[in-house]
Amino acid sequence: MLPLTGLRVVAVEQYGAGPFGTQHLADLGADVIKIESRAGGGDVSRSVGPHFIEGAEGSAASLFFQGINRNKRSITLDLTSDEGRAVFHDLVRSADAVSGNNRGDVHEKLGLTYAALGPIKPAIVCAHLTGYGREGSRAKWPGYDFLMQAETGYFSVTGEPDGPPARMGLSVVDFMAGSYMALGIVSAVMQARETGVGRDVDITLFDTALYNLNYLATWYLGAGDNQSRVARSAHPSLAPCQLYKTGDGWIYIMCNKEKFWPALCDKLARPDLAADPRFLKFPDRLSNRDLLTEVLDDALSGRTTAEWMDLFAGTVPAAPLHDVGGALDNPFVAEREGIMELAHQSGAPFRALAPPVRMSGDAPPLRPAPELGGETDEILGEVGYDADRIAALRDKGVI
């Protein structure tokens, strides 16, 4: 019995951030019901390429879609029609939460707010993940991850100082915002189950991106330090903590506690460096970082990255530099059972990442992302609709 078994979330979601968040819940046992429009082809990410499951057909073959929608169920429903909204309200009565990630002004138009749904079910939690919020000057603005990274300073601290500003290589703001939404849903549902009263929960991509500036923000707000990019992806204030050259490539070393610096010097067979007044403590090493980089590049060039990793293991915090393929082919990923084997509804196999939250005694479910409307009849049957009523709704184009 996974910890969120018995939690039902009705998700009016699309693309990345919202589905990523509700997948956390589904992986932990929640029943996540995706509401999609058949006329519009459902969640837009169903068509996102360029890669699809080999040998699979249907509406759930996109590997992008599979990456953020597993363990969910799908119902097609026209939320713009009176009958569609009536069906939606019946689903709400059976649910703990409604979630959506749309433009800020859309949530009220679709009736996804607590003001609209609280009279139908007082304990319902309504989670809204938007670009810039549901109110204010940007409520109608479309919002996307990379825009947030640009406006909240991420580009200015990513990449080499002599190169152009750069975004992070992943949709990290989407992923963080989705995770915050999942936390908000679980927190509000806990309260609603105690009090019988739900609420709105608001998360924005902009707020998420800004909040995760974290210590860089506090440095600016408290000390006026406007952090910029540092060579070799170095830590702004601690050294050694950056990329260094080895005999066959690169290694990232992270001596972020004083005890690791003499440990590194010992493994390099250079105990003299630990006693050198230029490198004695963090402030000394920071003020002499360029010289320290030359010294460590020279010392590390005598062995390969793999050899250094074997030598440092468990003593000096270090990591090899992998590309995406190398990261996934890493034997430690297999040791951690970090990749799951799944099968598309057609039987075509594919692989996906295992969830990061693991519960003792219970493995995560292994259901592929749903076909468009694949569980419509099943879900409506659970809220009391018989076959004739379902058929009538289908004939009218409501489902």
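The notes below deal with the structure included here. Since the model is a prediction, treat every value here as computed from it, not as a measurement. (Residues numbered from 1 in each chain as written. Predicted model: local features only at pLDDT ≥ 70, side-chain atom pairs only at ≥ 80, totals over all residues. Heavy atoms only, no water.)

### Quick word on the pairing of strand β1 (residues 8-12)
A regular strand carries its side chains on alternate faces of the sheet.
Part 1 of the argument: In terms of residue burial, β1 counts as a mostly covered element, since 5 of its 5 residues are buried.
Part 2 of the argument: Residue alternation in β1 divides its side chains into two sets, Arg8, Val10 and Val12 and Val9 and Ala11, and both sets are buried.
Part 3 of the argument: Where β1 lies against strand β2 (residues 31-36), 4 bridges are found, and the strand directions are parallel. Looking across to β2, one finds that Ala11 is bridged to Lys34.
Part 4 of the argument: Crossover β1 to β2 through helix α1 (residues 17-27) is right-handed.
Part 5 of the argument: Of the strand pairs in this sheet, β1 and strand β4 (residues 97-101) are connected by 4 bridges, and their pairing is parallel. Counted as the bridge partner of Val10 is Val98 from β4. (Buried < 20%, exposed > 50% of the residue type's maximum accessible area, 1.4 Å probe, protein only. Helix = DSSP H or I, 4+ residues; strand = E, 2+ residues; numbered from the N terminus. Pairing = 2+ DSSP bridges. Right-handed = clockwise from strand over helix to strand, strands pointing away.)

### Some thoughts on the sheet that holds strand β9 (residues 318-320)
Part 1 of the argument: With antiparallel pairing, 3 strands are arranged side by side in an open sheet as β7-β8-β9. This sheet does not close on itself; its edge strands, each paired only once, are β7 (241-245) and β9. The mean inter-strand angle of the sheet, taken between neighbouring strand axes irrespective of direction, is 25°.
Part 2 of the argument: With 5 bridges joining them, β7 and strand β8 (residues 250-254) adopt antiparallel strand pairing. (Axes fitted to C-alpha atoms, helices over the stretch in contact; angles between N-to-C directions.)

### With respect to the side chain of Arg289
Part 1 of the argument: Position of Arg289 among the secondary structure elements: in helix α13 (residues 289-300).
Part 2 of the argument: For the buried Arg289, no salt bridge is present, and the opposite-charge side chain at shortest range is Asp290, 5.8 Å distant.
Part 3 of the argument: With residues near it in sequence (within four places) discarded, Arg289 still touches Val230, Ala234, His235, Pro236, Leu238, Ala239 and Gln242. (Lys, Arg positive; Asp, Glu negative; His and termini not counted. Salt bridge = Lys/Arg side-chain N within 4 Å of Asp/Glu carboxyl O. Contact = heavy atoms within 4.5 Å.)

### Some thoughts on the pattern of salt bridges
Part 1 of the argument: If you walk through the whole model with that rule in mind, you get 24 salt bridges.
Part 2 of the argument: With a closest N to O distance of 3.0 Å, Asp43 and Lys34 form a salt bridge. Taken as a pair, Asp43 and Lys34 share a single burial class, namely buried.
Part 3 of the argument: Note that Asp377 and Arg394 form a salt bridge whose closest N and O atoms lie 2.7 Å from each other. Of the two residues, Asp377 sits in helix α17 (residues 376-382) while Arg394 sits in helix α18 (residues 387-395), which places them 17 residues apart along the sequence.
Part 4 of the argument: On the basis of relative accessible area, Asp377 is assigned to the partly exposed category, the value being 39%.
Part 5 of the argument: Several salt bridges converge on common partners, so that one network encompasses Arg8, Asp31, Arg73, Glu378 and Glu382.

### Points about the environment of Leu79
Part 1 of the argument: Here Leu79 is to be found in the loop between β3 (72-76) and α3 (82-93).
Part 2 of the argument: Once residues within four sequence positions are removed from consideration, Leu79 is found in contact with Val12, Ile35, Gly84, Arg85, Phe88 and Leu110.

### Brief notes about helix α14 (residues 305-312)
Because each turn of an α-helix spans 3.6 residues, side chains separated by three or four positions end up pointing in the same direction.
Part 1 of the argument: Turning to α14, its buried residues number three or more, namely Thr305, Trp308 and Phe312. For α14, the angular spread of the buried residues around the axis is 65°, confining them to a single face.
Part 2 of the argument: Gly314 lies just past α14 and shows a positive phi near 80°. (Arc of directions from axis to C-beta.)

### Brief notes about the sheet that holds β1
Part 1 of the argument: Spatially, the 6 strands line up as an open sheet ordered β3-β2-β1-β4-β5-β6, and their pairing is parallel. Of all the strands in the sheet, just β3 and β6 (199-204) have a single pairing partner and so form its edges. Neighbouring strand axes in the sheet, compared pairwise and without regard to direction, differ in orientation by 20° on average.
Part 2 of the argument: Relative to the sheet, helix α7 (residues 172-195) contacts β1, β4, β5 (125-130) and β6, its axis offset from that of β5 by approximately 165°.

### Considering a nonpolar patch on the surface
Part 1 of the argument: Taken together, the side chains of Tyr15, Val44, Phe64, Tyr144 and Leu147 define a hydrophobic patch exposed on the protein surface, amounting to about 470 Å² of accessible area.
Part 2 of the argument: Residue placement: Tyr15 occurs in the loop between β1 and α1. (Patch = residues over 30% accessible without salt bridge, like charges linked within 9 Å, V, L, I, M, F, W, Y side chains within 5 Å. Areas by Shrake-Rupley, 256 points an atom, 1.4 Å probe, with all protein chains shown as cover.)

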